Amino acid sequence: MWGRMMAAEPTPEQKVARLFERLGGAAGPDDVRKALGDLGELASEQAMRVSSAEDVTLLLRVLAETEEVEVKRDVLDVLVNLLDAKTPSSAPDAARAKAAFNLDAFLEDPAAVSAVLSCLEPEDMYVRYNAIQLMLIVLGAERGRVQNFVLTNPMGAAAATELLGDRREVVRNDALLLLAELSKDSGEISRLIAFQGAFDRLLEIIGDEAEEGGSVIIDDCLVLIATLLRQNPAAQRLFVETGTLERLAPYLSYDPTDPFTARFAPKQLTASQVRICAIVTTIAGDQVGSGTDEQTLRACRDRLGVSGLVKRLVGLTTSSSTATEPSLRQAAMHSLACAVRAHEPNQRILIEQRVPVPPARTEPAPLRMLALALRGATRASAEPPLRVLLALLDGSSFAQLHLAATLAPIPTGLSLSAAAGSTGAEGGLEPSFCRSLALVLVGKTAPSPSQALLAAAVLSALVRGNSDSKQLLMRMAVEPSLDDSASDKGTDEIANSADSGTGGVSRSVGSAAAASVLGRACRRLPGVARPSAETVDDADADAPRAALTLALLRTLAAFADDGCLPAVKLILDWPGLLPSLVDVAKGGALPEGGQAGARPLPLAADFEAVMHIRGQASLVLARCLLSAEHAGTGLTAPALFDLLQQHLGLDTLLENLESVRSSPPNLKALSGSSFKSHTPSVGDKGAQPDPAALAGLSPLAAYAQADARALGKTTDSLQAVILRLYTAASAPPAPPHVALPIPATTLKPV
């Protein structure tokens, strides 16, 4: 008897087979509901595998044929339990195995996904909810296959988009997750969803949630908007042309008293603003491989300016109210950089906007951005404002000339401290963009390594490819109180010493040029480049001098680029500068007071720093050699060529340039990823100060893509010039021309 009872107990597989047999042979709706109820109970309690794909087909046929909402709900519930890798929770390994098995059987039926998507149309909340859960499970396991099915039935995407209009939060909120998963990495599905009115519906949800003080649902909506826009020019044009972008502008308020944003909890507002900045970056950025055409990019940037978003981004990046939210500032600066790059109207907005500075004054936004970069204690805090300044200046003659003109001379008798005050009745002048750069590079106070390198990067962008900007800066004298090498001399006295040949400056150096930023850099470089015997083995102590040396060399190289003959003439005519450049390019320099012929000390304690310093010195020499023939200097190109060949070596010159050209910072800049940033997380308080990142030169060398390209162009041109000069120097002299007598017999009467 006991044996007969044991034999009668069915196995789990037999139970499953019998239940599906009951479902297939059900005579009426009651039998169908009873069979589905037993299947659902068993699937929720055991890791139940279907016998074959035919079982799934049976469930889908019932789903398609029935008109009863309860039956649809039960079929979807059974499918969810069959495909969920977390059901049953009591046997996780078995649950994952049965889910994978059942999923393969589900996807074998080409109509499976369409059948589930069709269940999004009925109004019943539980039918919609179960259909969404089933789609999320399938998408999480096989997104690519599911997306292919959706593309063959675009109405499924339309039905999913319609769910955004469902007023029941449990459906609407999960619909946001479904659309995000469905459109991820699929531009075609994103386009289908966008053109079904998704943007309007999402903005309506955001508005409704904002009325209630904000919630995480706003974040979900903004994330979905960014997903739909990513690498999707058609959706971007739709987003901009329909005015959707302008509807986001009020959320970027930086005024803590603004009644529109005062309703939000601070953390929720910050999170939403970070997401909106990500959207702006998506539509205004020119990322490689984004597929965005120039016309769409231009239209997006146009709308950013017209809608007032550029002004709001400037406010977010500089307002004291966002100082404790580094994630928001970084995101806003990234967006602002994208908005102003190669777009003069937005550049004008940034340049002309004045921002408040505690306690009670204002200053131009570019100056404030420069101050934030120079005060950055970490790379994470210094690079975002630098990104904005480089985007503003690179390739923009308008911005370059406007900011170069801020090096206006301070009236005689007005001290620098008075100039630092605000404009007013006393006649004081406020700080300026260019004077702040000069203060870092040739001021009395030694800058930190990061400050020196950042200032050099900005100054390079200020003059790059713009001869007018270079000549303007070379015509304007730097206030003497900024320069430690001229602290006891006025500007007129320095100019007179230049003309008279006294004070260590040659007569061939013009008076205005000698007192300019470039002249001050030429004056300062030989002294700064000298290492100290006490610090040469101490990387921390030696880093500020080494960084300033590199910064001054980058300044000289930037002015000498593009064949700027006045700059090349000034560098070559400056007394003692050329031998100093050769010594630095060789890898060492005499300490101050060292005897001629003594062994020079290494340039810095850090090997990589030495490589960059030698490379920049070689770059200055190379650009001088390229233009020496027409610079009007006393040193001709062949003479400079001979000097470099004898005292430096042409192989060393080219090797130094190639070392920088192949260095990681330069290669990253060439690929356009120098400032490749991650999406800041909300509440991120920024990285802790990293001494290595600040002291080492390469992590914050701040090479821009234009720098890397210019270096390659100089190196290639140099090789051709060296070959030409070498050939000319080694060719035998031509014999003197002698006029030969003409035989009389060759003369014929006319």
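Rules behind the numbers
- Residues numbered from 1 in each chain as written.
- Predicted model: local features only at pLDDT ≥ 70, side-chain atom pairs only at ≥ 80, totals over all residues.
- Heavy atoms only, no water.
- Helix = DSSP H or I, 4+ residues; strand = E, 2+ residues; numbered from the N terminus.
- Buried < 20%, exposed > 50% of the residue type's maximum accessible area, 1.4 Å probe, protein only.
- Contact = heavy atoms within 4.5 Å.
- 1 Å grid on protein atoms, 1.4 Å probe; cavity = no way out; pocket = protein on both sides within 12 Å on 5 of 7 lines; lining within 4 Å.
- Points joined across faces, edges and corners; volume = space filled by probe spheres on them.
- Pairing = 2+ DSSP bridges.
- Axes fitted to C-alpha atoms, helices over the stretch in contact; angles between N-to-C directions.
- Parallel < 35°, antiparallel > 145°, perpendicular 65-115°, else oblique.
- Left-handed = near helix turned anticlockwise from the far one by under 90°.
- Nonpolar A, V, L, I, M, F, W, Y, C, P; charged D, E, K, R; others polar.
- Phe/Tyr/Trp six-rings, centres within 6.5 Å; stacked < 30°, edge-to-face > 60°.
- Lys NZ or Arg CZ within 6 Å of the ring centre and 35° of its normal.
- Salt bridge = Lys/Arg side-chain N within 4 Å of Asp/Glu carboxyl O.
- Core = buried A, V, L, I, M, F, W, Y, C linked by side-chain atoms within 4.5 Å.
- Polar contact = N/O pair within 3.5 Å; in protein donor to acceptor, adjacent residues only side chain to side chain.
- pLDDT = per-residue confidence, 0-100.
- Expected span 1.5 Å × (residues − 1).

Chemist: Requested: an account of the overall build of the chain, with residues and values cited.
Modeler: Within the chain one finds 39 helices and four strands. Across the 750 residues of the chain, 52% fall into the buried class. Restricting the contact set of the chain to residue pairs at least 6 apart, pairs at least 24 apart contribute 71%.

Chemist: A description of empty space enclosed by the protein should follow, citing residues and the corresponding values.
Modeler: Counting across every chain of the model gives two cavities of 30 Å³ or more. Estimates place the volume of the largest cavity at around 200 Å³. Lining the largest cavity are 16 residues; nearest its centre among them are Arg554, Gln616, Leu619, Arg623 and Asp707. Of all elements in the fold, only α31 (539-560), α34 (607-627) and α39 (705-730) reach the threshold of two or more residues within the lining of the largest cavity. Here the lining of the largest cavity gets four residues from one element, more than from any other, and that element is α39.

Chemist: How would you explain the pairing of strand β1 (residues 354-357) if you had to name every residue and give the values?
Modeler: Of the two faces of β1, the one lined by Val355 and Val357 is fully buried and the one lined by Arg354 and Pro356 carries no buried residue. Here β1 pairs with strand β2 (residues 361-364) via four bridges, running antiparallel. Residue pairing for β2: arginine 354 is matched across the bridge by proline 364.

Chemist: So what's going on with the packing of helix α19 (residues 326-340) against helix α22 (residues 379-393)? Which residues, and what values?
Modeler: Packing of α19 against α22 brings their axes to within 8 Å, and their N-to-C directions diverge by 15°. The pairing of α19 with α22 is recorded here as roughly parallel in orientation. In the crossing of α19 with α22, the sense of the turn from one axis to the other is left-handed. On α22, the residues that touch Gln330, Met333, His334, Leu336, Ala337 and Val340 of α19 are Ala380, Pro384, Pro385, Arg387, Val388, Ala391 and Leu392. Looking at side-chain class alone, the contact of α19 with α22 contains ten nonpolar, two polar and one charged residues.

Chemist: Kindly report on the packing of aromatic side chains, identifying the contributing residues and their values.
Modeler: For any pair of aromatic rings, the description consists of the separation of the ring centres together with the inter-plane angle of the planes. Throughout the structure, instances matching the rule amount to three aromatic pairs. Centroid distance tyrosine 251 to phenylalanine 260: 4.9 Å. Interplanar angle 80°. Geometry classified as edge-to-face. Pairing tyrosine 251 with phenylalanine 264 gives two aromatic rings, centres 6.2 Å apart and planes at 80°, and the pair type is edge-to-face. Here tyrosine 251 is found in the loop between α14 (233-241) and α15 (259-262), whereas its partner phenylalanine 264 is found in the loop between α15 and α16 (266-284), with 13 residues between them in sequence. With respect to burial, tyrosine 251 and phenylalanine 264 carry one shared label: buried. Through a chain of ring-to-ring contacts, the aromatic side chains of Tyr251, Phe260 and Phe264 assemble into a single cluster. Above the plane of the ring of phenylalanine 101 lies arginine 49, whose end atom (NZ or CZ) is 5.2 Å from the centre. Across the ring face of phenylalanine 260, the terminal group of arginine 263 is positioned such that the distance to the ring centre comes to 4.9 Å.

Chemist: Kindly report on unusual backbone geometry, identifying the contributing residues and their values.
Modeler: Note that the residue after threonine 87, namely proline 88, is joined by a cis bond; omega there is 0°. Structurally, the position occupied by proline 88 is in the loop between α5 (69-83) and α6 (92-108). Each neighbour pair has its own omega, and for proline 358 with proline 359 the value is 5°, a cis peptide bond. With a phi angle near 60°, aspartate 185 is a residue other than glycine that sits in the positive phi range. Mapped onto the secondary structure, aspartate 185 falls in the loop between α11 (169-183) and α12 (187-211). Not every positive phi belongs to a glycine, and aspartate 562 is a case in point at roughly 60°.

Chemist: Would you mind going over the pattern of salt bridges in detail, with residue names and values included?
Modeler: Note that side chains of opposite charge can pair when their charged atoms are close. Following the criterion strictly, the structure yields 27 salt bridges and no others. A salt bridge links arginine 128 to aspartate 166; its shortest N-O distance comes to 2.7 Å. Residue arginine 128 is located in helix α8 (residues 125-141), and its partner aspartate 166 is located in the loop between α10 (155-162) and α11; the two are separated by 38 residues in the primary sequence. As far as burial versus exposure is concerned, arginine 128 and aspartate 166 are alike and both buried. Between aspartate 716 and arginine 661 there is a salt bridge whose closest N-O contact spans 3.3 Å. Of the two residues, aspartate 716 is situated in helix α39 and arginine 661 in helix α36 (residues 650-661); the sequence distance between them amounts to 55 residues. Its relative accessible area of 42% is what places aspartate 716 among the partly exposed residues. On the accessibility criterion, arginine 661 (24% relative accessible area) is partly exposed.

Chemist: Can you explain the nonpolar core? Please cite residues and give values.
Modeler: Residues Phe106, Ile225 and Leu473 are the most contacted members of the largest nonpolar core, which totals 225 residues. No other element matches the twelve residues that α31 contributes to this core. Setting aside anything within four residues of it in sequence, one finds isoleucine 225 in contact with Phe199, Leu202, Leu203, Ile206, Phe239 and Ile279.

Chemist: So, the side chain of arginine 128: which residues are in play, and what are the values?
Modeler: With relative accessibility at 8%, the residue arginine 128 sits in the buried group. A distance of 2.7 Å separates the side chain of arginine 128 from the backbone oxygen of proline 122, its partner in a polar contact. Residues within four places of arginine 128 in sequence aside, it is in contact with Cys119, Leu120, Glu121, Pro122, Glu123, Leu163, Asp166, Arg168 and Val171.

Chemist: Hey, could you go over the confidence of the model for the chain for me, with residue numbers and the actual values?
Modeler: Per-residue pLDDT for the chain has a mean of 81; in total, 81% of the residues score no lower than 70. Model confidence for the chain, summarised as mean pLDDT per element, is weakest for helix α38 (residues 691-695) at 32 and strongest for helix α20 (residues 344-352) at 95. This model gives residues 483-505 a pLDDT under 50, and the stretch forms 46 contacts once residues within four places in sequence are excluded. Here residues 676-700 is modelled with pLDDT under 50, and outside its nearest four sequence neighbours on either side it reaches 48 contacts, counting other chains as well.

Chemist: Please give an account of the side chain of arginine 520 that cites residues and values.
Modeler: You can see arginine 520 is positioned in helix α30 (residues 517-528). Arginine 520 gets classed as buried once you look at its relative accessible area, which sits at 0%. Side-chain polar atoms of arginine 520 contact the backbone oxygen of valine 478, separated by 3.0 Å.

Chemist: Lay out α11 in plain terms, naming residues and giving numbers.
Modeler: Compared with an ideal rise of 1.5 Å per residue, which puts 15 residues at 21 Å, α11 spans 21 Å between its outermost C-alpha atoms and is within 8% of the ideal. The element α11 is largely enclosed, with a buried count of eleven among its 15 residues. Every buried residue of α11 is listed here: Val171, Arg172, Asn173, Asp174, Ala175, Leu176, Leu178, Leu179, Ala180, Leu182 and Ser183. Summarising the contacts, the buried residues of α11 are in contact with α8, α9 (143-152), α10, α12 and α13 (216-229).

Chemist: Lay out the packing of helix α4 (residues 53-65) against α5 in plain terms, naming residues and giving numbers.
Modeler: Direction vectors running N to C along α4 and α5 enclose 155°, while the axes themselves pass 9 Å from each other. By the criterion of interaxial angle, the relationship of α4 to α5 is roughly antiparallel. Crossing handedness for the pair α4 and α5: left-handed. Contact residues: α4 offers Leu59, Leu60, Val62 and Leu63, while α5 offers Val71, Lys72, Val75, Leu76, Val78, Leu79 and Leu82. The residue inventory of the contact of α4 with α5, partitioned by class, reads ten nonpolar, no polar and one charged.

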